[in-house]
4 protein chains.
Amino acid sequence: MGAVKARRLPRAVRERQMLDAAVRSFARHGYQAASMDEIAELAGVSKPLVYLYLNSKEELFTAVIRREAQALLAVVAEAVVDPGAPPDERLWAGLLAFFTYAAEYPDSWTVLNRQARTHGEPFAGEAARMRDEITAFVAGLIGEASREARGGVAITERDVAALAQALVGSAESLAGWANETPGVTAKEAAATLMNFAWSGLGNLMKSERWSPR
Amino acid sequence: MGAVKARRLPRAVRERQMLDAAVRSFARHGYQAASMDEIAELAGVSKPLVYLYLNSKEELFTAVIRREAQALLAVVAEAVVDPGAPPDERLWAGLLAFFTYAAEYPDSWTVLNRQARTHGEPFAGEAARMRDEITAFVAGLIGEASREARGGVAITERDVAALAQALVGSAESLAGWANETPGVTAKEAAATLMNFAWSGLGNLMKSERWSPR
Amino acid sequence: MGAVKARRLPRAVRERQMLDAAVRSFARHGYQAASMDEIAELAGVSKPLVYLYLNSKEELFTAVIRREAQALLAVVAEAVVDPGAPPDERLWAGLLAFFTYAAEYPDSWTVLNRQARTHGEPFAGEAARMRDEITAFVAGLIGEASREARGGVAITERDVAALAQALVGSAESLAGWANETPGVTAKEAAATLMNFAWSGLGNLMKSERWSPR
Amino acid sequence: MGAVKARRLPRAVRERQMLDAAVRSFARHGYQAASMDEIAELAGVSKPLVYLYLNSKEELFTAVIRREAQALLAVVAEAVVDPGAPPDERLWAGLLAFFTYAAEYPDSWTVLNRQARTHGEPFAGEAARMRDEITAFVAGLIGEASREARGGVAITERDVAALAQALVGSAESLAGWANETPGVTAKEAAATLMNFAWSGLGNLMKSERWSPR
DNA sequence: AATGAATGAGGTTTCATTCAT
DNA sequence: CATGAATGAAACCTCATTCAT
């Protein structure tokens with residue numbers, strides 16, 4: 001009567017169902033507006049079971065953020081794994097992987113980029129950790145490129161950090177735009193960003209700087 | 001000496017106090033977690049007065065978003081007003097105004113950039129309207145620059161839109177980073193972004209494009 | 001600006017406006033749902049003035065009931081004033097006056113018949129007083145008729161009271177029905193009731209009683 | 001000994017308790033003045049459970065009206081079930097059942113006759129449906145009697161409707177009077193009404209009509 | 001392993017009523 | 001005389017969370 005009952009599933013399976021449901025719910029309604037009732041129903045289990053496995057709404061959200069962050073990081077890390085490749089190719093691979101992920105799992109991306117960062121501690125911290133990791137990776141690439149660019153001036157570490165922030169921000173913004181603009185592929189978004197960013201970085205390193213007046 | 005408690009103020013004054021309080025509260029806790037109780041207390045009035053003037057939590061948040069969006073737009077618009085100036089100088093002026101605003105009114109910026117966009121309709125739409133306006137302005141500058149760059153290849157409208165998204169995203173990201181990194185000035189953030197972005201755009205127009213492999 | 005200001009009217013006039021507004025509001029929304037705000041606005045005055053003159057919502061409602069009850073009683077009393085006329089003609093005149101009043105002032109009738117009786121003390125008591133007066137008058141007529149009917153059996157006082165209740169209830173019900181059935185006149189309603197009631201009473205007095213089995 | 005507090009009852013039982021409590025509360029205070037807090041307490045449960053099962057105050061009141069209307073209708077219908085009996089005996093049985101119900105469940109009767117009809121849509125409509133059903137049944141009996149009365153004049157359908165309204169109004173009024181007058185039995189009230197009404201109807205059919213002047 | 005039954009705590013909203021001019 | 005400004009109190013409703021089976 002009612003839903004088909006799938007009883008006695010192993011814990012790991014049940015937990016995955018719950019986290020999947022939670023991702024959807026948190027992405028659509030936000031942390032506060034998402035209700036444990038809806039999540040349990042989406043997951044096809046009763047509420048007490050959610051509590052038995054995930055303990056509280058806060059822990060559930062944290063678990064969601066952690067899992068999704070790991071997934072995104074894994075996808076990107078896998079793409080950029082070749083340490084011998086030149087930095088621009090590694091950046092390209094990473095961007096492609098990132099835009100593909102954002103397009104393929106929009107709820108996951110929404111949770112990471114919007115909900116987690118918007119709803120204070122401890123969620124923001126959890127999300128920041130992942131973002132920092134990506135930013136640090138990007139900063140590494142920029143530093144690498146700057147060291148390879150002979151004859152250029154040195155770039156301070158803070159400059160590198162700032163540039164990485166800018167690049168990551170571009171990617172985040174483009175991901176949102178790509179997701180809501182019909183017909184924009186991950187590849188196209190990545191290409192736009194490479195053109196925009198890498199040339200700018202290149203000039204920077206050749207010390208062709210822009211200055212006011 | 002100095003009224004400790006100023007009672008019977010005219011409506012306009014009270015409304016401003018309430019909106020100020022609401023900006024703080026929404027920025028710190030988010031739309032849902034902010035309580036009308038706290039907002040009323042921050043504003044130094046009773047809850048019913050907030051409802052008498054602003055009608056509901058939703059309308060209050062909407063009013064906040066509208067007021068803050070207007071304020072940000074006004075500041076930027078004022079900075080870029082000179083239509084005779086070259087596009088890079090106008091962009092520079094706009095960025096400087098923007099980073100200054102974000103640094104000076106971090107709660108306002110948080111509400112616009114995080115809370116409004118994260119909490120669904122009708123708030124997201126209200127915030128999107130403002131962001132679109134800024135993005136359109138940036139796109140205008142990019143288009144202008146592209147037309148001035150002789151010998152370059154044409155840039156499609158979608159390219160321009162994408163680049164504007166990227167640039168705006170960079171600015172948003174840098175604003176957040178500047179606000180939480182001690183010692184970073186608005187001018188510095190703006191300079192980083194100009195170097196990063198404008199040169200990239202310049203190369204783009206000279207059709208020095210990056211392409212994979 | 002806004003409403004035309006009619007200032008400095010004599011108190012009696014203002015009070016009448018307020019009571020008129022209150023009758024409408026109480027009839028339409030009921031005692032609780034009617035708001036002092038709406039009543040003040042309907043009356044074209046500010047809320048504090050309502051309180052200055054009528055003191056509280058409860059007193060306002062009481063004043064309304066009293067005024068309307070007086071008005072209805074006055075109308076009926078005026079109709080049945082001729083003490084020399086036979087009881088059936090006096091009843092007829094009273095019914096006609098009553099149905100006419102209910103049709104002409106439906107809000108007043110609603111307040112008296114529904115709202116006052118439904119909302120507990122002290123309102124129910126106030127309305128009961130008026131209803132009792134009418135019922136007593138009807139009982140008087142019945143008693144009179146019964147004494148005139150020679151050869152009949154005596155009717156106990158309680159029978160008379162019960163019959164008066166029945167007759168008054170018929171009238172109340174018919175008034176509601178007449179008001180919501182298009183094309184039914186006060187005269188028609190009164191005629192139906194006379195036919196129904198007076199003959200029944202007549203038979204009763206001739207002791208042609210109905211009994212079960 | 002004997003569970004002082006019976007916890008974890010099945011839903012159906014709890015729902016009944018809640019409806020019972022609501023009948024009491026609505027009868028005593030009216031729809032608006034009755035508080036969900038009091039109803040929950042009367043029912044011996046917490047407020048959230050009331051909402052879980054009945055959804056809202058409005059739905060609760062509607063459910064109450066429906067249940068009580070069904071109960072009253074059922075009682076009356078059961079009494080008049082014999083279609084072979086002559087109309088006066090069927091009326092007598094129905095009246096007896098009705099007065100008995102009103103005496104035995106005064107809160108239910110108050111809710112149906114006063115509160116539901118006084119508090120606007122959708123409650124009034126719900127109550128009107130039941131009253132219309134009863135009125136239609138009475139009208140049927142009157143029509144039946146009129147057809148049986150040979151030699152009389154035809155009674156128009158509107159006359160029949162009006163007479164039914166009058167008879168039902170009598171019954172309502174007498175029920176209230178009986179309930180608040182000590183020592184009046186249901187049988188007595190029913191007898192008074194039969195004497196009053198049936199003879200009047202009889203005369204009507206013999207066309208012994210009362211007319212003014 | 002899984003759930004129907006139940007609630008404490010807190011949120012938004014409304015309204016009669018008063019103060020100070 | 002008249003009112004704009006202001007509030008205490010209480011209502012409806014929701015939700016994360018737990019108990020008992």
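Residues numbered from 1 in each chain as written. Chains lettered and ligands numbered in written order. Predicted model: local features only at pLDDT ≥ 70, side-chain atom pairs only at ≥ 80, totals over all residues. Heavy atoms only, no water.

A. Just the overall build of chain A, in detail. A count of helical and extended segments in chain A gives nine helices and zero strands. The N-to-C order of helical and strand elements in chain A reads α-α-α-α-α-α-α-α-α. Within chain A, the fraction of its 213 residues that count as buried is 50%. The long-range fraction of contacts in chain A, counting pairs at least 24 apart against all pairs at least 6 apart in sequence, stands at 70%. (Helix = DSSP H or I, 4+ residues; strand = E, 2+ residues; numbered from the N terminus. Buried < 20%, exposed > 50% of the residue type's maximum accessible area, 1.4 Å probe, protein only. Contact = heavy atoms within 4.5 Å.)

B. Spotlight on the interface of chain D and chain C. Of the residues lining the interface, 45 residues belong to chain D; the matching set on chain C comes to 45 residues. Carbon and sulfur atoms supply 59% of the area buried between chain D and chain C, which totals about 4000 Å² over both sides. Along the contact surface separating chain D from chain C lie two salt bridges. Across the salt bridge formed by R158 of chain D and E188 of chain C, the nearest N and O atoms sit 2.8 Å from each other. Counting across the chain D and chain C interface gives 15 residue pairs in polar contact (both at pLDDT 80 or more). At the level of elements, α5 (87-104), α6 (106-118), α8 (157-180) and α9 (186-205) of chain D are the ones that each hand at least two residues to the side of chain D that touches chain C. Tallying contributions element by element places α8 of chain D first for the side of chain D that touches chain C, with 13 residues. For the side of chain D that touches chain C, the class distribution of residues is 19 nonpolar, 15 polar and eleven charged. (Buried area = accessible area lost by both parts, 1.4 Å probe. Salt bridge = Lys/Arg side-chain N within 4 Å of Asp/Glu carboxyl O. Polar contact = N/O pair within 3.5 Å; in protein donor to acceptor, adjacent residues only side chain to side chain. Nonpolar A, V, L, I, M, F, W, Y, C, P; charged D, E, K, R; others polar.)

C. Up close: the environment of G44 of chain C. Tracing the backbone through its elements, the reader meets G44 of chain C in the loop between α2 (36-43) and α3 (47-54). As a C-alpha pair, G44 of chain C and V138 of chain C span 94 residues in sequence and 40 Å in three-dimensional space.

D. View of the protein's contact with DNA strand E. Taken together, 37 residues surround DNA strand E, and among them R8 of chain A, R8 and Y51 of chain B, K47 of chain C together with P48 of chain D come closest. Within 4 Å of the protein, the atoms of DNA strand E are drawn from sugar and phosphate moieties in a proportion of 55%. S46 of chain A places a side-chain nitrogen or oxygen 3.0 Å from a phosphate oxygen of DNA strand E. Here Y53 of chain D contributes a side-chain N or O atom positioned 3.5 Å from a phosphate oxygen of DNA strand E. Contributions of two or more residues to the surface near DNA strand E are made by α3 (47-54) of chain A, α2 (36-43) and α3 (47-54) of chain B, α3 of chain C together with α1 (11-29) and α3 (47-54) of chain D. No other element matches the four residues that α3 of chain A contributes to the surface near DNA strand E. Taken together, the residues that form the surface near DNA strand E break down as 17 nonpolar, six polar and 14 charged. (Near = heavy atom within 4 Å.)

E. Inspection of the packing of aromatic side chains at higher detail. Residue and element names in this part refer to chain A. Per the stated rule, a full pass over the model turns up 34 aromatic pairs over all chains. Between the aromatic rings of Y101 and Y105, the centroid separation amounts to 5.0 Å while the plane-to-plane angle is 50 degrees, which identifies the pairing as tilted. A network of ring pairs unites the aromatic residues F26, Y31, F61 and F123 as a single cluster. Over the aromatic face of Y31 sits the side chain of K57, whose NZ or CZ is 4.9 Å from the ring centroid. (Phe/Tyr/Trp six-rings, centres within 6.5 Å; stacked < 30°, edge-to-face > 60°. Lys NZ or Arg CZ within 6 Å of the ring centre and 35° of its normal.)

F. Main features of the relation of the copies chain B and chain A. Least-squares fitting of chain B to chain A yields an RMSD of 0.2 Å, with the transformation described by 0.0 Å of translation along the axis and a rotation of 180 degrees. Viewed as a symmetry operation, the transformation between the two copies matches a two-fold axis. When C-alpha positions in chain B are compared against the rotation axis, the closest is assigned to G200 of chain B, at 1.7 Å. Interface overlap between copies: 100% of the residues of chain B at the interface are likewise at the interface in chain A, consistent with a symmetric, same-surface contact. (Least-squares fit on C-alpha atoms with pLDDT ≥ 70 in both.)

Geometry only, nothing functional implied.
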